[in-house]
Amino acid sequence: EGWEMRAGAGEEDEGEDDMDDMADYLPLVDGTEKLQEPLSDKAMISPKEFFFQFYHKSHESIHALVHKVRHEGWAFFRDETTFNKVVFILEIPFTVARTLTIPAVDGEMYFKPFFVASCTGLPVWVLFNVAGSVTGAPWPAQAAAAVASVALGAAMLVCAPRDRPPLLKFGTKFPFGLAVICLVSFILAALWISLVATELVSIITFMGSITAIDPSILGLTVIAWGNSIGDYSSNLAMAKRGLGNVSMTASFAGPVFNILIGLGFGFLFYFNLSGTSVKPVEISPVTALALVCIAFNGICVIFAGVFNNFHVPRRYGWVPIAVYALYIAGSAVLIATGATLPVLHN
């Protein structure tokens, strides 16, 4: 429901009209890949519907809730399962908090009162993440956040358009205002992800303490899987839609971003808080084994592409799965026995 599929070309349009209408739709396959058969009309979806479905299905935000209530009433809630109803109710405080801290500028979901409210709460959310708490922050920081909240909220209340996000093109075709708001929203969303991840790690660590499970085992399994499940789901969804190049690129680009940017800013924050300029780092056997497995998989990908006319064959998928299984087994043995790899032995 909600997906507008293209009907057969012979039923509605003919000749050049088909090509003009086809330009208004997005193919659900990667344009850089060669298709084995002609593109079916069922694989076409309008850009508006594509982004609508992506936005709504990715997360039932308060904007999606308002949209559903306007168009369907509360019938959608009665049709949900008991479990989904409980999750929905428990999620309401967090949904409201995100709405008050992250400006949403999606054209379909834009609602000026929510936008003004999020701009008002934005400085307070930044203060919370920078200082660790709002009440525990120095009073000049609290005063600055309060003034910024009032000023930003008042400015958006007066200047923000009623029916669309602020564009601020400055006489050009590029929406500078929208780009800045999107960048700020991305950073604020990343702060939410950081907060949730921190709390989840604390809960898992607590569960490990009361169950006497080695923290290394938790980090190797539960924490690692939890951190990667989002990327796994999105990459798998893109691969199923035929976006092979996008999925492959994202599989490597995500870890590169996490390692380089995560470690870079992590060390900067550590040095800033600790007041030191040097931090001894120890490479554990599990980390060294992970590095070996990643390097081996990268070499295998290169060889698989080179020897298959620069296409990764389907059967190659079993190779990284087998490498990961060996990594899990080897890491478990290293942790259980306390053994070290020969290259790390002093």
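Residues numbered from 1 in each chain as written. Predicted model: local features only at pLDDT ≥ 70, side-chain atom pairs only at ≥ 80, totals over all residues. Heavy atoms only, no water.

### Things to note about the overall build of the protein
Filter applied, for reference: Secondary structure follows DSSP: runs of H or I at least 4 residues long count as helices, runs of E at least 2 residues long count as strands, and numbering of each begins at the N terminus. For each residue, the accessible area found with a 1.4 Å probe, counting protein chains only, is set against the maximum for its type, and the residue is called buried under 20%, exposed over 50%, and partly exposed in between. In this description, contact between two residues means that some pair of their heavy atoms is separated by no more than 4.5 Å.
Regarding its fold elements, the protein presents 13 helices and 2 strands. Put simply, the protein has 346 residues, and 23% of those count as buried. The contacts of the protein with a sequence gap of at least 6 include a subset with a gap of at least 24, amounting to 54%.

### A closer look at helix α8 (residues 139-159)
The criterion, for reference: Any helix carries an expected span of 1.5 Å times its number of residues minus one. Note that the arc is defined by the directions from the helix axis to the C-beta atoms.
With 21 residues, α8 should cover 30 Å at 1.5 Å per step; its first-to-last C-alpha distance of 30 Å lies within 8% of that length. If you check which residues of α8 are buried, you get Ala145, Ser149, Gly153 and Met156. Burial along α8 is one-sided: seen end-on, the buried residues are contained in an arc of 70 degrees. Seen from the open side of α8, the exposed residues pointing more than 90 degrees away from its buried face are Trp139, Val147, Val150, Val158 and Cys159. The secondary structure elements touched by the buried residues of α8 are α7 (112-131).

### So, the environment of Arg164
Mapped onto the secondary structure, Arg164 falls in the loop between α8 and α9 (176-211). What makes Arg164 partly exposed here is its relative accessible area of 39%. In sequence terms Arg164 and Phe111 are 53 residues apart; their C-alpha atoms lie 7.9 Å from each other.

### Quick word on the packing of aromatic side chains
We apply this condition: In summary, the pairing rule links any two rings of Phe, Tyr or Trp, Trp by its six-membered ring, whose centres are within 6.5 Å, and it sorts them by plane angle into stacked for under 30 degrees, edge-to-face for over 60 and tilted for everything else.
Summed over the entire model, instances satisfying the criterion amount to 9 aromatic pairs. Seen from their ring centres, Phe303 and Phe307 are 5.9 Å apart, and the 10 degrees between their planes marks the pair as stacked. When its relative accessible area of 48% is taken as the criterion, Phe303 is described as partly exposed. Exposure remark for Phe307: the relative accessible area of 62% places this residue in the exposed category.

### Some thoughts on the environment of Ala336
The residue Ala336 is located in helix α13 (residues 318-337) in this model. Residue class for Ala336 comes out exposed when judged on its relative accessible area of 67%.

### A word on the pattern of salt bridges
The cut-off we apply is this: Salt-bridge detection follows one rule: a side-chain nitrogen of Lys or Arg within 4 Å of a carboxyl oxygen of Asp or Glu.
In the structure shown here, the tally under the stated rule is 1 salt bridge. With a shortest N-O distance of 3.8 Å, Glu91 and Arg98 are connected by a salt bridge. Its relative accessible area of 23% is what places Glu91 among the partly exposed residues.

### Side note on helix α12 (residues 285-306)
Under the 1.5 Å per step criterion, the end-to-end length of α12 is 32 Å for 22 residues, consistent within 8% with the ideal 32 Å. Considered for burial, the residues of α12 that qualify are Pro285, Val286, Ala288, Leu289, Ala290, Cys293, Asn297, Cys300, Val301, Ala304 and Gly305. Residues of α12 that are buried in the fold lie against α10 (215-240), α11 (244-274) and α13.

### Focus on the packing of α12 against α13
Condition: Angles shown run from 0 to 180 degrees and are taken between the N-to-C directions of axes, each axis being a line fitted to C-alpha atoms and, for helices, limited to the stretch in contact. In these notes the angle categories are as follows: under 35 degrees is roughly parallel, over 145 is roughly antiparallel, 65 to 115 is roughly perpendicular, and the rest is oblique. Left-handed is the label given to a crossing in which the near helix is rotated counterclockwise from the far helix by less than a right angle, and right-handed is the label when the rotation is clockwise. We call Asp, Glu, Lys and Arg charged. Ala, Val, Leu, Ile, Met, Phe, Trp, Tyr, Cys and Pro are nonpolar, and the rest, Gly among them, are polar.
Interhelical geometry of α12 versus α13 gives an angle of 165 degrees and a closest axis separation of 10 Å. Between α12 and α13, the crossing angle belongs to the class labelled roughly antiparallel. Viewed along their axes, α12 and α13 form a crossing whose handedness is right-handed. From α12, Pro285, Val286, Leu289, Ala290, Cys293, Phe296, Asn297 and Cys300 reach across to α13, where they touch Val319, Pro320, Val323, Tyr327, Gly330, Ser331, Leu334 and Ile335. A per-class count over the contact of α12 with α13 returns 13 nonpolar, 3 polar and no charged.

### Comments concerning a nonpolar patch on the surface
Quick reminder of the rule: Patch definition: residues with relative accessible area over 30% and no salt bridge; like charges joined within 9 Å; nonpolar side chains (Val, Leu, Ile, Met, Phe, Trp, Tyr) joined within 5 Å. The protein chains shown are the only cover counted for residues, whose accessible areas, like all others here, come from Shrake-Rupley with a 1.4 Å probe.
A cluster of nonpolar residues, Val256, Phe257, Ile259, Leu260, Ile261, Leu263, Phe265, Phe267, Leu268, Phe269 and Val281, forms a patch on the protein surface that exposes about 1,100 Å² of accessible area. Take Phe267: it is sitting in helix α11.

### As for unusual backbone geometry
For Leu168, which is not glycine, the phi dihedral falls at a positive 50 degrees. With respect to the element layout, Leu168 can be found in the loop between α8 and α9. Although it is not a glycine, Phe310 adopts a positive phi angle of roughly 60 degrees. Tracing the backbone through its elements, the reader meets Phe310 in the loop between α12 and α13.

### Here we look at the confidence of the model for the protein
The following threshold applies: Every residue is assigned a pLDDT by the predictor, reflecting its confidence on a scale from 0 to 100.
Per-residue pLDDT for the protein averages 75, and the proportion of residues at 70 or more is 77%. Low pLDDT, under 50, characterises residues 1-60; the predicted model gives this stretch 77 contacts beyond four residues in sequence or across chains.

### Quick word on the environment of Ala137
Topologically, Ala137 is positioned in the loop between α7 and α8. It is 7.8 Å that separates the C-alpha atoms of Ala137 and Leu127, two residues lying 10 residues apart in sequence. In contact with Ala137, other than residues within four places in its own chain, are Leu127, Ala131 and Gln142.

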